Amino acid sequence: MSTPSLLILPGDGIGPEVMAEVRRIIDWYGDKRGLAFEVSEDLVGGAAYDAHGTPLHDDTMAKAQEVDAVLLGAVGGPKYDDLDFSVKPERGLLRLRKEMDLFANLRPAQCFDALADFSSLKRDVVAGLDIMIVRELTSGIYFGEPRGIHTEGNERVGVNTQRYTESEIERVARSAFELARRRGNKVCSMEKANVMESGILWREVVQEVHDKDYADVELSHMYADAGAMQLCRWPKQFDVIVTDNLFGDLLSDAAAMLTGSLGMLPSASLGAPMENGRPKALYEPVHGSAPDIAGQGKANPIACILSFAMALRYSFDAGDEADRLEQAVEKVLADGLRTADLIGEEGRSPVSTAEMGSAVLAALDSSLA
Ligand code: IPM
Ligand code: MG
């Protein structure tokens, strides 16, 4: 096979600085593991708006469609708050998701043992936590029509539409069941079938897909509000959670916080297989652009590094190398290294973004010894 290609879109805020550490790790895999990538870099979000007047240039969109995987940092920042909705940085990301048809968004929430005391929940509630939220990413209320703000009589009305087709529900349900088979073999599907027709259909289709092709996987259904409560009460009851775009947005932020820091969590957004058999794919940290600390060397690069680990696993069939990278991160945390976001009451002094990157590289080196 030819050298796999990666398009890197650092974006805004802390995106560029955390991505710089990932580039060092990509180089390490080329040098030390014979896993070379053809890497190109481009602009997205506010950075693209500043250069081109659009949060995603058509050329960048075309490139994203051609490469084997896209790695994205973060988009957005207060500088862009007053921009017209259609050119806001977030639109660049949403366009990538939609046009690449990345319907399955995998958001793992894993609690590293070294950080269990850092969660706002008690240690025994979160220690060893390992759940995967599969969020539908290309439909639902994020994209449904009609949408907009119009005038009725003497007041304005804001409209968005929750809309799901059977095939949209079916394909994301399949992704969740497939993943569950490789993990704890359990799926909990979350919607609001008690108040929304789209939720009734969601529940029916997930159950049908299960009964037809995945009867070996344990399936349960929960209303999304109860699901949020259960996530905070006893998250270890879950293995894979499958849910729609908006509920998935909320539930994955909540799940992320269980692990102690949003700065730790990666994500993969996957679509249908391309001609070469690899899925269309975009990998990004769950944290945002964190404009308050951007450019200061304080950001935690781990979520972005772990996003590259997901790329190794889901795009490049290199699960062993993904394990190696995840173990390197675990070792660094166990050794006590902390970026500023991971400093609690214990009064350690934080390491910088680049120091954290160097420590992960050193741990990778020692994994070869
Ligand atoms: C996320 C973010 C995005 C979303 C924003 C940046 C558009 O919150 O990836 O969770 O709402 O999907
Ligand atoms: Mg979100």
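In the block above lies the structure referred to throughout.
A quick note: this is a predicted structure, and the numbers were derived from the prediction, not measured.

Caption draft 1: Seen up close, the sheet that holds strand 2 (residues 38–41). Here 10 strands make up an open sheet; going across it, the order is 2-1-3-12-11-4-5-10-8-9 and the pairing mixed. On the outer flanks of this sheet lie strand 2 and strand 9 (218–223), each paired with one strand and no other. The sheet shows a mean angle of 20° between the axes of neighbouring strands, taken without regard to direction. Note that strand 4 (residues 104–110) and strand 5 (residues 130–136) share 7 bridges and pair antiparallel. Along strand 5, the bridge assignment pairs asparagine 105 with arginine 135. Where helix 3 (residues 58–66) meets the sheet, its contacts fall on strand 1 (5–11), strand 2, strand 3 (69–74) and strand 12 (279–285), and the angle it forms with strand 1 comes to roughly 140°. Contacts from helix 6 (residues 166–181) reach strand 4, strand 5, strand 8 (186–191), strand 9 and strand 10 (240–243) within the one sheet, and its direction differs from that of strand 5 by about 165°.

Caption draft 2: Highlighting the site of ligand 1. Taken together, Glu90, Arg97, Arg107, Arg135, Tyr142 and Asp249 are the residues near ligand 1. A distance of 2.7 Å is found between an oxygen atom of ligand 1 and a side-chain nitrogen or oxygen belonging to arginine 97. Interatomic distance of 2.8 Å between a side-chain N/O atom of arginine 107 and an oxygen atom of ligand 1. Summarising the interface, the protein chains cover 75% of the accessible area of ligand 1, which totals 320 Å² for the free molecule. Residues belonging to the shell around ligand 1 are distributed by class as follows: 1 nonpolar, no polar and 5 charged. When we break the shell around ligand 1 down by domain, the ones giving at least three residues each are domain 1 (1–108 + 262–369) and domain 2 (120–259).

Caption draft 3: Quick look at the side chain of arginine 135. Note that arginine 135 resides in strand 5. A polar contact of 2.8 Å, which involves the side chain of arginine 135, links it to the side chain of asparagine 245. For arginine 135, the contacting residues outside a window of four places in its chain are Arg97, Phe103, Ala104, Asn105, Arg107, Tyr142, Thr243, Asp244, Asn245, Gly248 and Asp249.

Cut-offs and rules
Residues numbered from 1 in each chain as written. Chains lettered and ligands numbered in written order. Predicted model: local features only at pLDDT ≥ 70, side-chain atom pairs only at ≥ 80, totals over all residues. Heavy atoms only, no water. Pairing = 2+ DSSP bridges. Helix = DSSP H or I, 4+ residues; strand = E, 2+ residues; numbered from the N terminus. Axes fitted to C-alpha atoms, helices over the stretch in contact; angles between N-to-C directions. Contact = heavy atoms within 4.5 Å. Near = heavy atom within 4 Å. Polar contact = N/O pair within 3.5 Å; in protein donor to acceptor, adjacent residues only side chain to side chain. Areas by Shrake-Rupley, 256 points an atom, 1.4 Å probe, with all protein chains shown as cover. Nonpolar A, V, L, I, M, F, W, Y, C, P; charged D, E, K, R; others polar. Domains from an automatic or database assignment.

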